[in-house]
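Geometric and topological summary
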Amino acid sequence: MKEGNKKQGAASPCAACKLLRRRCAQDCVFAPYFPADEPHKFANVHKVFGASNVNKMLQVLNSL
Ligand SMILES: [Zn+2]
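Residues numbered from 1 in each chain as written. Predicted model: local features only at pLDDT ≥ 70, side-chain atom pairs only at ≥ 80, totals over all residues.

The name given to the protein chain in an unreviewed UniProt entry is LOB domain-containing protein, and the organism recorded there is Trifolium subterraneum.

1. Regarding the overall build of the protein chain
Broken down by element type, the protein chain carries 3 helices and 0 strands. Of the regular secondary structure in the protein chain, the N- to C-terminal order runs α-α-α. Put simply, the protein chain has 64 residues, and 19% of those count as buried. Sequence separation of 24 or more characterises 31% of the internal contacts of the protein chain that already satisfy a separation of 6 or more. (Helix = DSSP H or I, 4+ residues; strand = E, 2+ residues; numbered from the N terminus. Buried ≥ 20, exposed ≤ 12 C-beta atoms within 10 Å, placed from the backbone. Contact = placed C-beta atoms within 7 Å.)

2. A short note on helix α3 (residues 51–62)
An α-helical turn contains 3.6 residues, so any two residues separated by three or four positions project in the same direction. For α3, spanning 12 residues, the distance from its first C-alpha to its last is 16 Å, which sits close to the expected 16 Å at 1.5 Å a residue. Summarising burial for α3: 1 of the 12 residues are buried, a small minority. (Expected span 1.5 Å × (residues − 1).)

3. Some points on the nonpolar core
By size, the foremost hydrophobic cluster in this structure holds 11 residues: Cys-14, Ala-15, Ala-16, Cys-17, Cys-24, Phe-30, Phe-34, Ala-36, Phe-42, Val-45 and Val-54. Among the elements of the structure, α1 (15–20) and α2 (39–49) are those that each provide at least two residues to this core. Per-element tally for this core: the top contributor is α1, with 3 residues. Excluding its chain neighbours within four sequence positions, the residues that come into contact with Phe-30 are Cys-14, Ala-16, Cys-17, Phe-42 and Leu-58. (Core = buried A, V, L, I, M, F, W, Y, C linked by C-beta atoms within 7 Å.)

Next up, the structure:
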């Protein structure tokens, strides 16, 4: 599989949105932490903490 476009956007959702099958918004909280080219990172975190907990954690981080 060839990856020409590494930019975040509608065409390539971040690893989190890809795994959760949701739309990756421009201001997606996951995108800075889980880029599309490192899907294993979110897969591991998701396995340990669960999606909703990760979401909560990142919202706290972003509000600091
Ligand atoms: Zn995303």
